[in-house]
Amino acid sequence: MSEKNDKTERAERLSVFKTYKLYVGGKFPRSESGRVYEVSDSKGNWLANVPLSSRKDARDAVVAARKAFGGWSGATAYNRGQILYRIAEMLEGRREQFVREVADAEGLSKSKAAAVVDSTIDRWVWYAGWTDKIAQVVGGGNPVAGPFFNLSSPEPTGVVAVLAPQESSFLGLVSVLAPVIATGNTAIVVASEQSPLPALSLGEVLATSDLPGGVVNVLSGRTAEIATPLAAHQDVNAIDLAGADDVLAKELEIAAADNLKRVLRPQPVDYAETPGIDRMTAFLETKTVWHPTGSLGASGSSY
């Protein structure tokens, strides 16, 4: 084959466009409605068509999250930390893809987007390290007036709906998702409406890690349309309203009250700052156990 023909063949090759899908129950379905919507970069250039999730998709995600809760919450804290660290390793391996997606989504230069992605991976590692330490900080023995041991220990709340921040498409996303699953909860994530691509790509990373299917479920679409059925769902135990505006947040708080969900209200956050443990403790319950010490009467003898 001549050099000229070889160049012609290369020039005629068509690009392979990426197809973004939801991530639910460890699988990659399209929206059951068949709908999609266009996502553009910060300059208005078309990037991709992504699934426009429906109420049915939200309900399917809740079923998947509930099914996964027993195994994930029952895993040892050390094992959860290993799995989260493995996810960070895989994020590092796909760093360039996320740099490109964050740059497009947030209108950043490549160098600034790279700094955001590096901070995001570091944030994931930070939470991975907390899985077997948070119980020591928020649990422990309590002094009581009587011959009893009194011990408090944290337990996960259950299924948590997470509305990802709208502006911080990757660092903000991980900052609200990682603490939820690090403490043994399962999650339904509603990706940023305008910039969902980093969240959907994160689903691909989770699917090829050791994270059990259903622990994290990622939905894209209109935040209000997806969040409303999640806030009212009787099998959702808590909701993080980070990605809701004031009007939507108020509506979701009212809907969440029906089954006494825990609600983390939206608040100004600089996701670049080192996080505390507030987002972990927000979705933990405290179990307190009383047990007799074995003392017999005032003499202090025991058996």
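Residues numbered from 1 in each chain as written. Predicted model: local features only at pLDDT ≥ 70, side-chain atom pairs only at ≥ 80, totals over all residues. Heavy atoms only, no water.

Draft legend 1. Summary view of the overall build of the protein chain. A tally of regular secondary structure across the protein chain gives 11 helices and 12 strands. Projecting the C-alpha coordinates of the protein chain onto the three principal axes gives extents of approximately 100 × 40 × 35 Å. Taken across its 303 residues, the protein chain has 46% of its residues classed as buried. The long-range fraction of contacts in the protein chain, counting pairs at least 24 apart against all pairs at least 6 apart in sequence, stands at 75%. (Helix = DSSP H or I, 4+ residues; strand = E, 2+ residues; numbered from the N terminus. Buried < 20%, exposed > 50% of the residue type's maximum accessible area, 1.4 Å probe, protein only. Contact = heavy atoms within 4.5 Å.)

Draft legend 2. Geometry of the side chain of Asn185. Relative to the helices and strands, Asn185 resides in the loop between α7 (171-182) and β6 (186-190). In this structure Asn185 comes out as buried when scored by relative accessible area, which is 0%. Here Gly158 takes part through its backbone nitrogen, which lies 2.9 Å from a polar atom of the side chain of Asn185. When neighbours within four sequence positions are excluded, Asn185 is seen to be in contact with Phe69, Trp72, Pro156, Thr157, Gly158, Val160, Val180, Val215 and Phe283. (Polar contact = N/O pair within 3.5 Å; in protein donor to acceptor, adjacent residues only side chain to side chain.)

Draft legend 3. Expanded view of the environment of Gly276. Position of Gly276 relative to the elements: it lies in the loop between β9 (262-264) and α11 (278-281). In this structure Gly276 comes out as partly exposed when scored by relative accessible area, which is 43%. For the pair Gly276 and Trp126, spaced 150 residues apart in sequence, the C-alpha separation works out to 11 Å. Setting aside residues no more than four positions away along its own chain, Gly276 makes contact with Trp126 and Tyr127.

Draft legend 4. Representation of the layout of surface pockets in the model. There is about 310 Å³ of room inside the largest pocket. Lining the largest pocket we find 16 residues, and of these Val269, Pro275, Gly276, Asp278 and Arg279 sit closest to its centre. Tallied by class, residues from the lining of the largest pocket come to seven nonpolar, four polar and five charged. Approximately 240 Å³ is the volume attributed to the second largest pocket. Around the second largest pocket sit Phe17, Lys18, Tyr20, Trp46, Leu47, Ala48, Arg100, Glu101, Asp104 and Leu197, which together line it. In terms of residue class, the lining of the second largest pocket is built from six nonpolar, no polar and four charged. (1 Å grid on protein atoms, 1.4 Å probe; cavity = no way out; pocket = protein on both sides within 12 Å on 5 of 7 lines; lining within 4 Å. Points joined across faces, edges and corners; volume = space filled by probe spheres on them. Nonpolar A, V, L, I, M, F, W, Y, C, P; charged D, E, K, R; others polar.)

Draft legend 5. The arrangement of a nonpolar patch on the surface in detail. There is a patch of nonpolar side chains on the surface, built from Phe149, Leu151 and Val289 and spanning about 280 Å² of accessible area. Note that Val289 resides in strand β10 (residues 284-292). Look at Val289 and you get partly exposed, because its relative accessible area is 41%. (Patch = residues over 30% accessible without salt bridge, like charges linked within 9 Å, V, L, I, M, F, W, Y side chains within 5 Å. Areas by Shrake-Rupley, 256 points an atom, 1.4 Å probe, with all protein chains shown as cover. Salt bridge = Lys/Arg side-chain N within 4 Å of Asp/Glu carboxyl O.)

Draft legend 6. Summary view of the nonpolar core. Membership of the largest hydrophobic core comes to 63 residues, with the highest contact counts inside it found for Leu91, Trp124, Ile181 and Val216. Those residues within four positions of Leu91 in sequence are excluded, and the remaining contacts are Phe98, Ile121, Trp124, Phe170, Leu202 and Val205. In this structure, Ala65, Val190, Ile226 and Ala249 belong to the second largest nonpolar core, which totals 25 residues. (Core = buried A, V, L, I, M, F, W, Y, C linked by side-chain atoms within 4.5 Å.)

Draft legend 7. Summary view of the side chain of Gln97. Looking at where Gln97 falls in the secondary structure, it is placed in helix α4 (residues 95-106). At 2.8 Å, the side chain of Gln97 forms a polar contact with the side chain of Arg94. Once residues within four sequence positions are removed from consideration, Gln97 is found in contact with Lys18, Ser201 and Glu204.

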